[in-house]
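Structural overview for review
Okay, here's what each chain looks like letter by letter:
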Amino acid sequence: MTQNITVTREGLPTEMQALLRDYPRDTWPGHPNFAASIENWMGAHHMFRDLAWLVRRDMERLLDKELDEDVHAERLGRFGNLLIGNLHGHHTWEDRKFFPELRAADRRFAEGLDVLESDHVLLDAQLERLKTASNRLIQLQYLDPAQADGEAPEVLAAATAIEHLLDRHLADEEDLAVPILLHHKLRG
Ligand SMILES: [Fe+2]
Ligand SMILES: [Fe+2]
């Protein structure tokens, strides 16, 4: 079944951007409280964006017959696993450790952190969908190639949904968290 997901919200509520106005994005890298751990965390986001793009783009290339099935299956197994496994670990750490730390540092932004936690639930559902559809596609390519074509659009739909959700989520998460980290000199 093909099911698309729509991200209806447009950025964080205005009141959640109070600190972002004091710490705009272009000032982050040069700020004395911009710790290496913050840079690494944003680097992980960059990797997730790249992996989601790559999985979605590969799927389009397969459907357009620009990519060999075996090569695609190998790349989907490798990059899909990396995306799913690393994002699960990332979300678990943020929900259990990082967000509580931000919540405790500045109570004004609890509502924004709740929005980000809800994003994780949406993303996790789409990651599960991608895993199930990808496994089915790869198995069918070996066992019953005629059926594999029917599964491909579901993989593409899941990959596209993940890419869109990540685009919104990662930008909002950085806009909320980095100003709190800089303002309260955290993770230095
Ligand atoms: Fe997150
Ligand atoms: Fe994150």
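What you see is a predicted model; the values in this text were computed from it and never measured.

Describing helix α3 (residues 69–105)
Along its 37 residues, α3 runs 50 Å from first to last C-alpha, staying within 8% of the 54 Å computed at 1.5 Å per residue. The backbone nitrogen of D70 lies 3.0 Å from a side-chain oxygen of the residue at the head of α3, namely D68.

Considerations on the coordination of the iron ion (ligand 1)
Within the protein, the atoms that donate to the iron ion (ligand 1) are E94 (OE), H120 (NE2), H169 (NE2) and E173 (OE), at distances of 2.0 to 2.2 Å. Angles of 84 to 172° at the metal separate the 4 donor atoms of the iron ion (ligand 1), which places the site in the irregular class. Mapped onto the sequence, the residues coordinating the iron ion (ligand 1) show the spacing E-x25-H-x48-H-x3-E. Using a relative accessible area of 0% as the deciding quantity, one classes E94 as buried. Looking at H169, the relative accessible area reads 1%, which means it is buried.

Examining the coordination of the iron ion (ligand 2)
Surrounding the iron ion (ligand 2) are the protein donor atoms H45 (NE2), H90 (NE2), E94 (OE) and E173 (OE), which sit 2.0 to 2.2 Å from the metal. In terms of primary sequence, the donors binding the iron ion (ligand 2) are separated according to H-x44-H-x3-E-x78-E. In this structure the iron ion (ligand 1) is found 3.3 Å away from the iron ion (ligand 2), and E94 serves as a bridging donor for the pair. Residue H45 is found in helix α2 (residues 36–63), and its partner E173 is found in helix α5 (residues 145–183); the two are separated by 128 residues along the sequence.

With respect to the UniProt feature "domain: Hemerythrin-like" (unreviewed entry) in the chain
With numbering matched to this structure, UniProt assigns "domain: Hemerythrin-like" (unreviewed entry) to residues 38–181. Secondary structure over residues 38–181 splits into 93% helix and 0% strand, and the C-alpha atoms at its two ends are 8 Å apart.

Regarding the environment of E69
Inspection of the secondary structure assignment puts E69 in helix α3. Between the C-alpha atom of E69 and that of Q141, which follows or precedes it by 72 residues, the distance is 7.8 Å. Not counting chain neighbours up to four residues away, the residues in contact with E69 comprise L62 and Q141.

Comments concerning the environment of L156
Summarising the element assignment, L156 is placed in helix α5. A sequence separation of 26 residues divides L156 from L130, and the C-alpha atoms of the two residues are 8.4 Å apart. Once residues within four sequence positions are removed from consideration, L156 is found in contact with R56, M59, E60 and L63.

So, the packing of aromatic side chains
Where two aromatic rings form a pair, the distance of their centres and the angle of their planes describe that pair. Counting across every chain of the model gives 3 aromatic pairs. Taking 6.2 Å as the distance between ring centres and 35° as the angle between the ring planes, the aromatic pair formed by F98 and F99 counts as tilted. Members of the aromatic cluster, joined through ring pairs, are W41, W93, F98 and F99.

Points about unusual backbone geometry
The phi angle at K65 is positive, at roughly 60°, despite the residue not being glycine. You can see K65 is positioned in the loop between α2 and α3. Positive phi is not limited to glycine here, since K185 has a value of about 50°. Judged by its relative accessible area of 61%, K185 is exposed.

Quick word on the pattern of salt bridges
According to the stated counting rule, one finds 16 salt bridges in the structure shown. Of the charged contacts in the structure, one is a salt bridge between R75 and D58, with a shortest N-O distance of 2.7 Å. Highlighted residues: R75 in helix α3 and D58 in helix α2, separated in sequence by 17 residues. We classify D58 as buried; its relative accessible area is 4%. Overlapping salt bridges bring together R25, R49, E174 and D175 as one network.

How each quantity is defined
Residues numbered from 1 in each chain as written. Chains lettered and ligands numbered in written order. Predicted model: local features only at pLDDT ≥ 70, side-chain atom pairs only at ≥ 80, totals over all residues. Heavy atoms only, no water. Helix = DSSP H or I, 4+ residues; strand = E, 2+ residues; numbered from the N terminus. Expected span 1.5 Å × (residues − 1). Polar contact = N/O pair within 3.5 Å; in protein donor to acceptor, adjacent residues only side chain to side chain. Donors = N, O, S within 2.8 Å, 3.2 Å for Na, K, Ca; no water. Tetrahedral: all angles 85-135°; square planar, octahedral: opposite > 155°, others 65-115°. Buried < 20%, exposed > 50% of the residue type's maximum accessible area, 1.4 Å probe, protein only. UniProt positions renumbered as here; feature names shortened; annotations may be inferred. Contact = heavy atoms within 4.5 Å. Phe/Tyr/Trp six-rings, centres within 6.5 Å; stacked < 30°, edge-to-face > 60°. Salt bridge = Lys/Arg side-chain N within 4 Å of Asp/Glu carboxyl O.

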